[in-house]
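Structure at a glance
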Amino acid sequence: MNQKHIWILLPLITLACVSVGPRFAAGEELDDATKARIAKAEAGAQTVDVSHYPKEIQENYQIFSEKCTQCHKLSRPINSDYALPSEWERYVKRMMHKPGSGIDSDSGKKIYEFLVYDSSIRKKSLVDAKLEKASPDERKSDEDKIKEIHQKYDSK
Ligand code: HEC
């Protein structure tokens, strides 16, 4: 191989490392509590039955299944204890900011709205229990967001 080839290969190798790197990050140096949480989540449901959800929520579910399986299984968010709009807002943003996530704000919003809608039905008792413990302000803000998202999608 002559020198010219190196200059063509180097950027390609760098690009490969940068794009593959984040996919392994999820498995690195985890403490026991985190490992237990991952094992519990992954032992649960791998998909959500969205057949009774509005059509647009079903479409958002497709985006969620595509974007949120790049670094870990979908069962992580499906079986997690996050359920409130405020929790999903923080978490989706955190995932969007991970290197290489490739989730733009439009997809992020659709995924967030899917997760809030789905939690309000599939994790209803968890949502209610969390709302009970929240401060009056937080409670009102979360309840308003759930209502807003239902109004947006249920009419279609
Ligand atoms: C670029 C890689 C990447 C993508 C894409 C990604 N995640 Fe993650 N996710 C991680 C990593 C790394 C962790 C573990 C560390 C952490 O919690 O920050 C994680 C952990 C999680 C957890 C578990 C947190 C806990 O405390 O149990 C949830 C829930 C989650 N992700 C949801 C999502 C959702 C929803 C999406 C899609 C919007 C998504 N992830 C997309 C990398 C990613």
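Here, every reference points to the structure presented above.
Cut-offs applied
Residues numbered from 1 in each chain as written. Predicted model: local features only at pLDDT ≥ 70, side-chain atom pairs only at ≥ 80, totals over all residues. Helix = DSSP H or I, 4+ residues; strand = E, 2+ residues; numbered from the N terminus. Buried ≥ 20, exposed ≤ 12 C-beta atoms within 10 Å, placed from the backbone. Core = buried A, V, L, I, M, F, W, Y, C linked by C-beta atoms within 7 Å. Contact = placed C-beta atoms within 7 Å. Axes fitted to C-alpha atoms, helices over the stretch in contact; angles between N-to-C directions. Parallel < 35°, antiparallel > 145°, perpendicular 65-115°, else oblique. Near = placed C-beta within 6 Å. Nonpolar A, V, L, I, M, F, W, Y, C, P; charged D, E, K, R; others polar. Expected span 1.5 Å × (residues − 1).

What to know about the overall build of the protein
Secondary structure assignment for the protein yields 8 helices and 0 strands. Looking at the 156 residues of the protein, the share that counts as buried comes to 19%.

Quick notes on the nonpolar core
Grouped together as the largest cluster of nonpolar side chains are 14 residues, with contacts concentrated most on Ile57, Ile111, Tyr112, Phe114 and Leu115. If you list the elements that add at least two residues to this core, you get α3 (55-67), α5 (85-96) and α6 (105-122). The element contributing the most residues to this core is α6, with 6 residues. If near-sequence neighbours (up to four positions away) are discounted, Ile57 is found in contact with Val50, Phe114, Tyr117 and Tyr153.

Observations concerning the packing of α6 against helix α8 (residues 136-154)
Between α6 and α8, whose axes approach to 10 Å, the crossing angle comes to 100 degrees. When the axis of α6 is compared with that of α8, the two are roughly perpendicular. Where α6 abuts α8, its residues Glu113, Val116, Tyr117 and Ser120 lie against Lys145, Ile146, Ile149, His150 and Tyr153.

Looking at the site of the ligand
What surrounds the ligand is a group of 21 residues, the closest being Cys68, Cys71, Met95, Lys98 and Ser101. Contributing elements (two or more residues each) for the shell around the ligand: α1 (3-25), α4 (75-78) and α5. In terms of residues, the shell around the ligand owes the most to one element, α5, which gives 3 residues. Across the shell around the ligand, the residue classes break down as 12 nonpolar, 5 polar and 4 charged.

Observations regarding α6
End to end, α6 covers 25 Å across 18 residues, agreeing with the expected 26 Å (1.5 Å per residue, within 8%). Among all positions of α6, only Lys110, Ile111, Tyr112, Glu113, Phe114, Leu115, Val116, Tyr117, Asp118, Ser119 and Ser120 are buried. Each element contacted by the buried residues of α6 is listed here: α3, α4, α5, α7 (124-133) and α8.

Quick look at the environment of Tyr153
On the secondary structure map, Tyr153 appears in helix α8. For the pair Tyr153 and Glu113, spaced 40 residues apart in sequence, the C-alpha to C-alpha distance is 9.5 Å. Setting aside residues no more than four positions away along its own chain, Tyr153 makes contact with Pro54, Glu56, Ile57 and Tyr117.

A closer look at the environment of Asp49
Examined against the element boundaries, Asp49 turns out to sit in the loop between α2 (32-43) and α3. Residues Asp49 and Asp118 lie 69 residues apart in sequence; the distance between their C-alpha atoms is 9.9 Å.

Focus: the environment of Met95
Along the chain, Met95 turns up in helix α5. Using a count of 19 C-beta atoms within 10 Å as the deciding quantity, one classes Met95 as partly exposed. Other than its neighbours up to four places away in sequence, Met95 contacts Cys68, Ser101 and Ile103.

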